[in-house]
Structures are given as C-alpha cells and as structure tokens.
Amino acid sequence: MNIIAVKDQVEGGKKAFELIRQGIEGNNARVLGLATGSTPVTLYEEMVKSDLDCSHLIAINLDEYVGLKETDSQSYRTFMNEHLFNAKPFKESYVPDGMAADADAECARYDQIIANNPIDIQVLGIGTNGHIGFNEPGAPFDSTTRKVDLVESTIESNKRFFEKKEDVPTQAYSMGIGSILKAKEIILIAYGEAKADALKGMIEGPKTEDCPASALQDHANIYVIADEAALSKLS
Ligand code: F6R
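- Going by the annotation in an unreviewed UniProt entry, the name recorded for the protein chain is Glucosamine-6-phosphate deaminase, with Vagococcus allomyrinae given as the source organism.
- Per UniProt, the protein chain has the following entry under Function (unreviewed entry): "Catalyzes the reversible isomerization-deamination of glucosamine 6-phosphate (GlcN6P) to form fructose 6-phosphate (Fru6P) and ammonium ion."
- UniProt, in its Pathway (unreviewed entry) section for the protein chain, records the words "Amino-sugar metabolism; N-acetylneuraminate degradation; D-fructose 6-phosphate from N-acetylneuraminate: step 5/5."

What follows is the structure, encoded as structure tokens:
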C-alpha cells in the first residue's frame with residue numbers, strides 16, 4: 001500500500017485529485033468508481049473547480065439507500081448530482097436504484113454494469129467499523145452487489161445527514177468487496193481520529209471479515225490518503 005500522509009482534508013482532496021487526473025490523462029482511465037459521505041467532498045470540489053473534462057468518463061457509485069427515490073434530498077444520487085455531476089457532467093453515471101421493485105434483478109443489473117465497464121480507479125472512504133461501500137463486518141471478500149442491512153454504528157454515524165435517526169434507512173444496495181477488489185487502482189481516503197482503528201485494522205491487522213477493509217491488503221495498486229489523526233494508531 002502506498003500511504004500518503006496529508007495535513008487536512010483540503011490537501012487530501014488535492015492529492016486524490018492529482019492521482020485521478022494522472023490516471024485519466026496518463027493512463028487512459030475511463031471508469032471511476034465513486035463514494036459518497038463526508039470524505040470525498042474535497043476531492044469533488046477539486047474536480048469541479050478544475051478544467052478536467054469528464055464528458056467521456058463513466059461513474060459507478062458504490063451504494064444507495066434502499067427506499068429512497070433518486071430525487072430524495074438524502075439519496076446518494078442527489079449527493080452525487082449536487083457535489084459533482086451537475087457541475088461536471090459525465091458520459092454516464094450509475095447509482096443503484098433504491099426504489100427497485102425486484103432487489104435481485106437490481107443487483108444483477110448493477111453487476112452487469114460493472115462487468116461491462118471495468119473500474120479503472122475506485123475511490124473509497126472507510127467506516128469507523130472498517131466497512132467499505134456498505135460492506136459491513138462479516139461481508140464475504142468475494143461478494144458482489146447485494147441488498148445489505150446497515151449496522152447500528154453506521155446508522156448512528158449517518159444520522160447527521162438526516163433530521164432524525166428514525167429517518168435513516170436501515171438497508172442499502174452495495175457493490176460487493178469482490179467487485180471493489182477488481183478495480184485496477186484504489187484510492188482510499190480517511191480523515192480524523194474516529195477512523196484510526198479502522199485504518200490500523202485495514203493496513204496492519206489480520207485479513208478478516210471482521211474488518212472488511214482488510215480485504216484491500218490483497219490489492220496490488222492501492223493508495224491510502226489520510227491525515228495524521230487517522231494514521232495515529234499505525235505502529
Ligand atoms: C459511501 C460509502 C461509505 C463511506 C463511509 C465513510 O458511499 O460507501 O463506505 O465511505 O461510511 O463515510 P464518511 O466519509 O461520511 O465518513
């Protein structure tokens with residue numbers, strides 16, 4: 001793993017953007033796997049204010065809440081539109097359909113999208129419990145897209161985006177760990193002390209389903225961009 005220490009989220013966003021720009025302009029990357037949440041916001045700010053042309057790129061997002069319409073203010077589709085796609089239109093952008101009537105069909109459709117558009121660069125945040133995407137502890141390392149139950153700590157930490165905790169959906173569609181591992185390059189970003197244990201488990205811990213991000217130890221081309229607080233528990 002290539003660990004890049006940054007002083008704060010602004011510098012982290014710039015570093016992540018540099019890697020993405022290099023991938024697109026130097027390595028012909030065309031398909032970006034993208035994440036939501038607080039972590040990638042400064043990366044998307046860098047993308048938006050840059051002259052990077054995204055009109056030939058394909059975006060495939062990691063996850064979406066079950067039960068939220070794409071127009072819902074809290075949907076991950078809305079998040080992506082507001083933080084990136086409205087300002088930088090992509091050729092195509094995919095987010096799972098949280099309102100799909102048939103969950104199995106939706107998962108198969110999403111896996112087909114990933115198979116048709118192999119991910120060149122996957123951007124990841126990490127949960128305080130080591131989740132990547134919404135692959136919570138216990139998720140198999142060879143998993144593909146599926147409907148998952150969110151664990152209590154995830155609901156607790158995501159309630160900050162909602163009016164009240166009861167409004168946080170309890171399920172999501174998530175790309176699987178197996179699909180994430182197939183990305184040619186991974187950029188995992190983590191900020192703050194709350195992520196320190198998860199980062200230690202991912203980098204130094206045993207490879208175990210108890211820490212989903214530890215699956216990334218097998219990946220040959222991964223960059224970890226993190227601030228001092230997130231790196232503070234590494235030995
Ligand atoms: C979001 C996602 C999650 C987040 C993680 C960290 O699409 O897949 O794994 O990356 O929960 O969230 P933040 O960045 O809000 O701390």
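### A few points about the site of the ligand
Part 1 of the argument: Around the ligand sit 14 residues, and of these Thr 36, Gly 37, Ser 38, Thr 39 and Gly 125 come closest.
Part 2 of the argument: A breakdown of the residues in the shell around the ligand according to their chemical character gives 5 nonpolar, 8 polar and 1 charged.

### Re the nonpolar core
Part 1 of the argument: Core analysis: the biggest nonpolar cluster contains 62 residues, and Val 123, Ile 126 and Leu 188 have the highest contact counts within it.
Part 2 of the argument: By residue number, the principal contributor to this core is strand E9 (residues 185–190), which donates 5 residues.
Part 3 of the argument: The contact partners of Leu 188, leaving out residues within four places of it in the chain, are Leu 124, Ile 126, Leu 216, Ile 222 and Val 224.

### Regarding the environment of Leu 62
Part 1 of the argument: The residue Leu 62 is located in the loop between strand E3 (58–61) and strand E4 (63–65) in this model.
Part 2 of the argument: Judged by local crowding, Leu 62 falls into the buried class, with 28 C-beta atoms found within 10 Å.
Part 3 of the argument: It is 27 Å that separates the C-alpha atoms of Leu 62 and Leu 234, two residues lying 172 residues apart in sequence.

### Digging into the confidence of the model for the protein chain
Part 1 of the argument: Across the protein chain, the average pLDDT comes to 98, with 100% of residues at or above 70.
Part 2 of the argument: Across the interfaces of the predicted complex, the ipTM metric reaches 0.99, alongside a pTM of 0.98.

### Some thoughts on the sheet that holds E4
Part 1 of the argument: Spatially, E4-E8-E7 is the arrangement adopted by the 3 strands of the open sheet, whose pairing is antiparallel. What marks the edges here is a single partner per strand, and that holds for E4 and strand E7 (146–149). Between one strand axis and the next, the sheet turns through 30 degrees on average, direction left out of account.
Part 2 of the argument: Where E4 and strand E8 (residues 171–174) come together, 3 bridges link them in antiparallel fashion. Looking across to E8, one finds that Glu 64 is bridged to Tyr 173.

### Quick notes on the environment of Ala 101
Part 1 of the argument: Secondary-structure assignment places Ala 101 in the loop between strand E5 (92–94) and helix H4 (103–116).
Part 2 of the argument: Take Ala 101: there are 7 C-beta atoms within 10 Å of it, and that puts it in the exposed class.
Part 3 of the argument: On a C-alpha basis, the gap between Ala 101 and Asn 2 in space is 41 Å, while along the polypeptide they are 99 residues apart.

### Looking at the UniProt feature "domain: Glucosamine/galactosamine-6-phosphate isomerase" (unreviewed entry) in the protein chain
Part 1 of the argument: Here, the residues flagged by UniProt with the feature "domain: Glucosamine/galactosamine-6-phosphate isomerase" (unreviewed entry) are residues 16–219.
Part 2 of the argument: A helix fraction of 32% and a strand fraction of 16% characterise residues 16–219, whose end C-alpha atoms lie 18 Å from each other.

Each value, and the rule that gives it
Residues numbered from 1 in each chain as written. Predicted model: local features only at pLDDT ≥ 70, side-chain atom pairs only at ≥ 80, totals over all residues. UniProt positions renumbered as here; feature names shortened; annotations may be inferred. Near = placed C-beta within 6 Å. Nonpolar A, V, L, I, M, F, W, Y, C, P; charged D, E, K, R; others polar. Core = buried A, V, L, I, M, F, W, Y, C linked by C-beta atoms within 7 Å. Buried ≥ 20, exposed ≤ 12 C-beta atoms within 10 Å, placed from the backbone. Helix = DSSP H or I, 4+ residues; strand = E, 2+ residues; numbered from the N terminus. Contact = placed C-beta atoms within 7 Å. pLDDT = per-residue confidence, 0-100. Pairing = 2+ DSSP bridges. Axes fitted to C-alpha atoms, helices over the stretch in contact; angles between N-to-C directions.

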